[in-house]
Amino acid sequence: MHTTKTKSYNIEKKLVYDAYKAVKDNAGAAGVDKQTIEQFDADLRGNLYKIWNRMSSGSYFPPPVRAVSIPKKTGGQRILGVPTVADRVAQMVVKQIVERTLEPIFLPDSYGYRPNKSALDAIGVTRERCWKYDWVLEFDIRGLFDNIDHTLLLRAVRKHVKCEWALLYIERWLTAPMQLEDGTRVERTRGTPQGGVVSPVLANLFMHYVFDVWMTRGHPDLPWCRYADDGLVHCRTEAEAVAIKAALAARLAECRLEMHPDKTKIVYCKDGKRRSSYPNTKFDFLGYGFRPRIVRDRKSKRVFTSFGPQVSASSLKAMRQKVRELNLRKHTHVRLADIARKLNPLLQGWLNCYGRYCPSALYPLWNYTNATLVAWAMRKYKRYAGRKIQAGQMIGSIAIKRPRLFVHWRQGRVGAFA
């Protein structure tokens, strides 16, 4: 008599395939097995079946995550934990399951890593609140992803996630070791790897209870905004901001986290009507710099001081560095149109991100990009060697004739060419 073997968990194969499509769209590097997405695709059916089969039987154990060191904008290094392609697919299966349960409980002013919410949404709401409230506490949590307490996190996960196999695999991912570049494996007793697919939703759940719910219950009259480990609390007075800072530091310590001493500060949102003096009158949030700046009223043409966002100096520096790293000025074997195809996706992304508020603050980046094109022309064409002004005039004339060639040229004001 033939008996059909039943699986421990009923996981639809379509869930695994949908997860794979999401992982492929996100791209990403290879994990410890050095398998790329292209190599995974070579036996797609077989690889997806293995994931489904092991997850359905309860026998899926994640491999170690690969430690990758990347530079921070503010200096130093951040360690990402890169899972294998197959493990990213498995994590995506669980993420898409638990997100359905967790997304409805998250509060509106939590913006990080959530569907239908973005950093620009957070910038927009912060801009309006800075006009209404004179003070803001800008806080940052030191190493959130590395320091999340597993016991506290799993207590929150079990409260909301009732899917047995999702719980099983979340616990296994939390303790999967990290493999360093020399092959050494480091066991993990806290944290969730920054770079893991399921990590952002777990971090959001942790911070939902550590901060979001705590603020809403304890300080319902003070608006706040959080994007992962970066957050703001708007206050009416300096004394109120000082009190909230102390209370939040104690709350974080209670949950085994630490407020970053260098990245946490109280800021006075100074504008033309706010006359008080205070040492801190600016802060950076999600790539934007909030500070007093001179603006002109479109209707009355009146000039006044407002407090609002524009692309931050550190973001501009990072974007210029990215253009520099492309080493375009040495690509003398290609045409200008080829450079445009390489550069435009970057420029469009930056324009989408930083062009929403005070787009004129991007002019230094556009000027730097144009200077790079001029340097390229001086290397490519012998007649322009050492003749920067003439090369600039040539690139400028192309911008007039073909204004849609580069993303920043399409804005009408393309910047300088010399």
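Model, not experiment: these values are computed from the prediction.

J.: Could you give an account of the pairing of strand β3 (residues 135-140), with specific residues and numbers?
T.: Buried residues dominate β3, accounting for six of its six residues. The alternating pattern of β3 places W135, L137 and F139 on one face and V136, E138 and D140 on the opposite face, and all of these are buried. For β3 and strand β7 (residues 230-235), the ladder comprises six bridges, and the chain directions are antiparallel. Bridge assignment links F139 to a residue of β7, and that residue is G231. Pairing of β3 with strand β8 (residues 265-268), which is carried by four bridges, proceeds in the antiparallel orientation. Within the sheet, the bridge partner assigned to L137 lies in β8 and is I266.

J.: Quick rundown of the environment of A22? Include the residues and the values.
T.: Inspection of the secondary structure puts A22 in helix α1 (residues 13-26). When the C-alpha atoms of A22 and I141 are compared, they prove to be 29 Å apart, with 119 residues separating the residues in sequence. Not counting residues within four places of it along the chain, the set of residues in contact with A22 comprises M92 and Q96.

J.: Go over the pattern of salt bridges with me, naming the residues and quoting the values.
T.: Throughout the structure, instances matching the rule amount to 18 salt bridges. Across the salt bridge formed by D18 and K21, the nearest N and O atoms sit 3.8 Å from each other. Linking D18 with K21, this pair stays in helix α1, spanning three residues, or about one helical turn. Since its relative accessible area comes to 38%, K21 is described here as partly exposed. Here D41 and K24 are joined by a salt bridge, their closest N and O atoms 2.8 Å apart. With D41 in helix α2 (residues 37-42) and K24 in helix α1, the pair connects residues that are 17 residues apart, well separated along the chain. Given the relative accessible area of 23%, D41 is considered partly exposed.

Rules behind the numbers
- Residues numbered from 1 in each chain as written.
- Predicted model: local features only at pLDDT ≥ 70, side-chain atom pairs only at ≥ 80, totals over all residues.
- Heavy atoms only, no water.
- Buried < 20%, exposed > 50% of the residue type's maximum accessible area, 1.4 Å probe, protein only.
- Helix = DSSP H or I, 4+ residues; strand = E, 2+ residues; numbered from the N terminus.
- Pairing = 2+ DSSP bridges.
- Contact = heavy atoms within 4.5 Å.
- Salt bridge = Lys/Arg side-chain N within 4 Å of Asp/Glu carboxyl O.

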